[in-house]
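Coordinates in review
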Amino acid sequence: MTTTLEAPTELIIVQPVVKTAVATTENLNWLKLARHACLRIPPLWPLQSFVAVNPFVGLVSKPFAEVCDLMQRVTSDSMLMSVEYFRQQFARGRITSQDLAEAVTRSNSDLTTSQLLIWLKKPEPYPASGMQSLADVATAKFQRNWSGLVTEEISKWCAAYFDEGQAAWRMPWKKLPLFAAWKQASAIDATPEMLGFKGFRKLIAELPESATEAIPALLDMLGITPASAEDYLHRLLMTLPGWSSYVQHHVREKATHGRHDESLIDLLAVRLVFEVALLNQFASVGIRAHWTDSLTGKTSGLSLTTQKQLLWHSALEIGFQRELCAKITYAAQNSSDSKQARPAVQAVFCIDVRSEVIRRSLESVSAGVETLGFAGFFGMPIEYVPFGQRHGTSQLPVFFSPKYRVREHLPHATPEQDKHARRQLQLGRRVSHSWNAFKTSAVSCFSFVEAAGVGYAWNLVKDSFQLGGKKDAHTCHSCAAPNLHQHKRLAHDPIDMQPEAGIPHEDQVQLGLGALKNMGLTSNFARLVMLCGHGSNTTNNPYAAGLDCGACGGHAGDSNARVAAAILNQAAVRAQLEQHGIFIPHDTRFIAALHDTTTDEISLFDTDSVPPSHETDLLQLQLWLDQAAQHNRLQRATHLGISNHETAEIEKLIHQRSRDWAQVRPEWGLAGNAAFIVAPRERTQSLNLQGRAFLHNYNHRADTTKSTLELIMTAPMIVTNWINLQYYASTVNNRLWGSGNKVTHNVVGTFGIQQGNGGDLQSGLPLQSVHDGENWMHEPLRLSVFIEAPRSDIDAVIANHESVRQLVENGWLHLHAIEDEGHTILRRAENGIWV
């Protein structure tokens, strides 16, 4: 395939404007509280572009400890590990008494180390249930699962309303706002009344048409006080954390395109209607008193149990930081000053923790290999549109918008040939759609099974026992839902990049300049420079995008690497780069690659365009890559539980995992991530960081304007923090912030996951992504960031960016400065003092 680049319409992020027809001050105050509650909810991306999200992103303006208390109160669930977990960590020496003492000192706690040790043996009971919804109270008081009924009814509605093509029959009210559509449908739906919600349709008929008018009316009916309203509304949204988060994403995407959307307010209004219905139904039996008691029962300050959990958690993090600091300083003391004259190959990988392992493996096969770490979209803010498709994927971090469109087309084809090929693809899609409609239609599905079901027997046997042999890169990712496939192109597909057709020449120069400066590669270029993106290759895995590149918006990074390589191989671009002090030798060739993190295969792209003068270099690189991949698979075998096999069998088993449709753990993804190190490679090259660190090359002496440091702290550091906190949340409370057991997952609407045949949308990682069935594979630590730069430079970035300041000063990550070439490491306390 060939690609051309087009500039799409400029995307402008517009802050949503509050629109309401309600004029009274009291009603506006109710809406303000409702909007504040909505802001606490994180977004949840659809499966096609599933990326890690900080589940507490709407709460980072508050200190970490305060949010622990808030979540305990609002959800009646903890966001810290249990006493049993800390007991295990202390017993195996992972946490020491010295770590506990340091945790007490840092927090200025009145508790002693002895009291914390006694807690392991005699823990206090967990705090009583926090704030409750009326459905919670009714469930407890009347021995019927009213909470579950509310969740089921709202979930069924949301699944139908937001469906993106899975349903054969589309809902007739999809063009209406969510609340208005629900109100019209509910007027003719007797299901809630059949389930026991008395007078439900009569209540709905009396409500205003818009959620902004209905919410004040509903809150007035409940008689709640303004002091309790925001937390209570947050509680209601957290009874549907998955759907609330998906709707938040929907709102966010509309705002990104400059369109106002009230869908989350609408969902909150729907949830409030069920509360009022239950209050009306059970008012005569005293439900209000029990409910209001839960709203006003907040105690001042953290509970004793939460205080102890926080200290043990801090001790766990201190132990990790102590060991990592010791490794870095030891490496500095024993490092040599020898500098390689010119490497044979420079390989630039994504900062992903899995790259730390493959980089060590590649460096181990030859001293002529130098590796670097850089954000996996390689500074190319593109939208990638595969051949024959109308819409593309945003190949950059999710909080940015693409500036350029990369569109594939046939190489060396006439316009008629290109048009014919597109028609053939469109015809194939129509046939596939018609066949799928026939299989799933309510009328024909039974006839289909009787007539054609036996024809699928061989495929069923072949896939179950993997009799079809190794799949090539043209095989789509299989999954349980239609339209979720990611097509992998063969590495030897020809590509004739002509970026000047869509990106102005000066923009290409700036893209190339920014990429090279920010990855720290501005001199001493090798003959071959490999830009290596990464992606996964799994089967029957709706969460496949979660294993791909987060910096590429949950997609594989090959298209970004190919665009970057094409730009940097242009003579005209190189000539302009020389005016900026970057001289790329005429014999340096950039080449794109893709690391399959499931099998560790590394595929090179566009090798046919490499000149004959570099054929030997290319063959040598491929040999090194094959050796590194084999070495990497052997390293990973221990965590995959197959290290007791012979080497050849390990190779076979790892490749089988990617094709096994029953495999719930094809790879461990980013489990174990705990640190982000921003420093020259010399600082970590001799260390085995066990795939737990994101690594970003950075030389503060070359960053004279400090723009690279600012970019790293405002983009990659936030991305790694999001990844870290999603794994953290999915571990500490998988029921609330994870997605439970993979085995019982069902795809809904092509965009999300439900457990079994209904219920709330699942929002985080499956349990199998963080647990091996016996032990936790992820250690829930807040990210420890280490930056080799002067403290004053780091402080300047913090002072200029509120989003960074909140993460650092509110304890959502731990920030360290590396000084004296790695001999000194300082920690930034939450009060801004370096210790």
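Everything numeric here is computed off the predicted structure, so don't read it as measured data. (Residues numbered from 1 in each chain as written. Predicted model: local features only at pLDDT ≥ 70, side-chain atom pairs only at ≥ 80, totals over all residues. Heavy atoms only, no water.)

All right, on to the overall build of the protein chain then. Assigned secondary structure in the protein chain consists of 30 helices and 16 strands. By the compact-globule yardstick of 28 Å for 835 residues, the protein chain fits well, its C-alpha radius of gyration being 28 Å. Across its three principal directions, the C-alpha atoms of the protein chain cover 90 × 70 × 55 Å. Out of the 835 residues belonging to the protein chain, those deemed buried represent 56%. The long-range fraction of contacts in the protein chain, counting pairs at least 24 apart against all pairs at least 6 apart in sequence, stands at 74%. Surface summary for the protein chain: the accessible area is close to 35,200 Å², and the carbon and sulfur share equals 54%. (Helix = DSSP H or I, 4+ residues; strand = E, 2+ residues; numbered from the N terminus. Rg over C-alpha atoms; globule rule 2.2 N^0.38 Å. Buried < 20%, exposed > 50% of the residue type's maximum accessible area, 1.4 Å probe, protein only. Contact = heavy atoms within 4.5 Å. Areas by Shrake-Rupley, 256 points an atom, 1.4 Å probe, with all protein chains shown as cover.)

Close approach of charged atoms lets side chains of opposite charge pair. Applying the stated criterion across every chain, the model contains 39 salt bridges. Notably, a salt bridge pairs arginine 354 with aspartate 352, separated by 2.9 Å at the nearest N-O pair. For aspartate 352, a relative accessible area of 6% puts it in the buried group. Measuring nitrogen to oxygen at the nearest pair gives 2.8 Å for the salt bridge that ties arginine 791 to glutamate 819. Of this pair, arginine 791 sits in helix H29 (residues 791-800) while glutamate 819 is found in strand S15 (residues 814-819), placing the two residues 28 residues apart along the sequence. Judged by relative accessible area, glutamate 819 falls into the buried class, the value being 17%. (Salt bridge = Lys/Arg side-chain N within 4 Å of Asp/Glu carboxyl O.)

Before going further, it helps to examine the pairing of strand S16 (residues 824-828). Sheet faces and side chains relate simply in a regular strand, where the side chains alternate between the two faces. Judged from the 5 bridges that link them, S15 and S16 form a sheet pairing that is antiparallel. The residue of S16 that forms the bridge with glutamate 819 is threonine 824. Linking two consecutive strands that pair antiparallel, namely S15 and S16, is a turn of 4 residues; a positive phi of about 55° is found at aspartate 820 within it. (Pairing = 2+ DSSP bridges.)

Turning to empty space enclosed by the protein, a few remarks are in order. Gaps between atoms show up when a probe of the same size as a water molecule is rolled over them. All chains considered together, the criterion is met by 8 cavities of 30 Å³ or more. Residue lining of the largest cavity: 17 residues in total, with Pro42, Pro55, Ser245, Trp737 and Ser763 positioned closest to the centre. Of the residues assigned to the lining of the largest cavity, the class counts are 10 nonpolar, 6 polar and 1 charged. Of the pockets and cavities examined, the second largest cavity occupies roughly 140 Å³. Broken down by class, the residue content of the lining of the second largest cavity amounts to 9 nonpolar, 5 polar and 2 charged. (1 Å grid on protein atoms, 1.4 Å probe; cavity = no way out; pocket = protein on both sides within 12 Å on 5 of 7 lines; lining within 4 Å. Points joined across faces, edges and corners; volume = space filled by probe spheres on them. Nonpolar A, V, L, I, M, F, W, Y, C, P; charged D, E, K, R; others polar.)

The next thing to look at is the nonpolar core. For soluble globular proteins, the rule of thumb is that nonpolar side chains tend to be buried together. Ranked by size, the top nonpolar core spans 182 residues in total, and within it Tyr232 and Leu272 carry the most contacts. Filtering out sequence-adjacent residues up to four positions away, leucine 272 remains in contact with Ile215, Leu218, Leu219, Leu222, Tyr232, Leu233 and Leu236. Ile382, Val509, Phe525 and Leu531 belong to the second-largest nonpolar core, a separate cluster that totals 35 residues. (Core = buried A, V, L, I, M, F, W, Y, C linked by side-chain atoms within 4.5 Å.)

With 13 residues, helix H25 (residues 647-659) should reach 18 Å at 1.5 Å per residue; the first-to-last C-alpha distance of 19 Å fits that figure. Tucked inside the fold, the buried residues of H25 contact helix H24 (615-640). (Expected span 1.5 Å × (residues − 1).)

Moving on, we come to the state of the cysteines. Summed over all chains, the structure comprises 0 disulfides. With no disulfide partner, cysteine 532 has as its closest neighbouring cysteine sulfur the one in cysteine 350, 9.6 Å distant. Distance from the sulfur of cysteine 549, which forms no disulfide, to the nearest cysteine sulfur (cysteine 552) is 3.6 Å. Judged by its relative accessible area of 1%, cysteine 549 falls in the buried class. (Disulfide = S-S within 2.5 Å.)

This next bit is on the sheet that holds strand S10 (residues 675-678). Overall, mixed pairing links the 5 strands, which are arranged S11-S10-S14-S15-S16 in an open sheet. With one partner strand each, in any of the chains shown, strand S11 (693-696) and S16 form the two edges of the open sheet. For this sheet the average axis-to-axis angle between neighbouring strands, irrespective of direction, equals 20°. Bridge analysis of S10 against strand S14 (residues 784-788) gives 4 bridges, and the strand direction is parallel. Within S14, the position partnered with phenylalanine 676 by the bridge is valine 785. (Axes fitted to C-alpha atoms, helices over the stretch in contact; angles between N-to-C directions.)

We describe a pair of aromatic rings using the distance from one ring centre to the other and the angle between the two ring planes. Counted by the stated rule, this structure contains 29 aromatic pairs. An angle of 25° between the planes, with centres 5.8 Å apart, marks the rings of tryptophan 157 and tyrosine 161 as stacked. Of this pair, tryptophan 157 and tyrosine 161 both sit in helix H7 (residues 146-161), 4 residues apart, roughly one helical turn. Of the two residues, tryptophan 157 and tyrosine 161, neither departs from the other in class, the shared state being buried. Seen from their ring centres, tyrosine 161 and phenylalanine 162 are 5.0 Å apart, and the 85° between their planes marks the pair as edge-to-face. Here a set of aromatic residues connected by ring pairs shows up, and it is made of Phe142, Trp146, Phe179, Trp182, Phe197, Phe200, Phe274 and Phe282. Sitting above the plane of the tryptophan 146 ring, arginine 144 keeps its charged end 4.8 Å from the centroid. The residue whose ring lies beneath lysine 174 is tyrosine 161, and the NZ or CZ to ring-centre distance is 5.7 Å. (Phe/Tyr/Trp six-rings, centres within 6.5 Å; stacked < 30°, edge-to-face > 60°. Lys NZ or Arg CZ within 6 Å of the ring centre and 35° of its normal.)

Moving on to the sheet that holds strand S9 (residues 602-604). On the basis of which strands lie adjacent, the open sheet formed by 5 strands has the order S3-S2-S7-S8-S9 and mixed pairing. Both edges of this open sheet fall to strand S3 (369-374) and S9, since each of them pairs with a single strand only. With strand direction ignored, the average angle separating the axes of adjacent strands in the sheet is 25°. Sheet topology note: the strand S7 (residues 528-535)/strand S8 (residues 589-596) ladder contains 8 bridges and is parallel. Bridging from a neighbouring strand, leucine 531 pairs with alanine 592 of S8. Together, strand S2 (345-350), S3, S7 and S8 form the strand contacts of helix H21 (residues 505-519), whose direction differs from that of S3 by roughly 105°.

What follows deals with H21. With 15 residues, H21 should cover 21 Å at 1.5 Å per step; its first-to-last C-alpha distance of 21 Å lies within 8% of that length. Here H21 has its buried residues at Gln508, Val509, Leu511, Gly512, Leu513, Ala515, Leu516, Asn518 and Met519. Remark: glycine 520 follows H21 within two positions and exhibits a positive phi of approximately 75°.

With respect to the secondary-structure elements, glycine 130 resides in the loop between helix H5 (113-121) and helix H6 (134-142). Owing to a relative accessible area of 11%, glycine 130 belongs among the buried residues under this scheme. Glycine 130 sits 58 residues away from glutamine 72 along the chain, and the two C-alpha atoms are 6.6 Å apart. Sequence-distant contacts of glycine 130, defined by excluding residues within four places in its chain, comprise Gln72, Arg73, Ser76 and Ser294.

What follows is about the environment of serine 133. Relative to the elements of secondary structure, serine 133 occurs in the loop between H5 and H6. Distance in space between the C-alpha atoms of serine 133 and valine 74 is 9.7 Å, their sequence separation being 59 residues. Here serine 133 is in contact with Tyr232, Arg235, Leu236, Arg271, Glu275 and Trp291, once residues within four sequence places are set aside.

This next bit is on a nonpolar patch on the surface. Together, Trp458, Val461, Phe465 and Leu467 make up an exposed nonpolar region whose accessible area comes to about 450 Å². Along the polypeptide, valine 461 turns up in helix H20 (residues 457-465). Since its relative accessible area comes to 35%, valine 461 is described here as partly exposed. (Patch = residues over 30% accessible without salt bridge, like charges linked within 9 Å, V, L, I, M, F, W, Y side chains within 5 Å.)

Secondary-structure assignment places threonine 239 in the loop between helix H12 (226-238) and helix H13 (241-256). Accessibility expressed as a relative area gives 17% for threonine 239, which makes it buried. Of note is the side chain of threonine 239, whose polar atom sits 2.5 Å from the backbone oxygen of leucine 236. Reaching out from threonine 239, the side chain makes a polar contact with the side chain of arginine 271 at a distance of 3.1 Å. Other than its neighbours up to four places away in sequence, threonine 239 contacts Thr151 and Arg271. (Polar contact = N/O pair within 3.5 Å; in protein donor to acceptor, adjacent residues only side chain to side chain.)

This part covers the packing of H12 against helix H14 (residues 263-282). Look at H12 against H14: their axes get within 10 Å of each other, and the N-to-C directions meet at 95°. The pairing of H12 with H14 is recorded here as roughly perpendicular in orientation. Of the residues in H14, those touching H12 at Tyr232, Leu233, Leu236 and Leu237 are Leu264, Leu268, Arg271, Leu272 and Glu275. (Parallel < 35°, antiparallel > 145°, perpendicular 65-115°, else oblique.)

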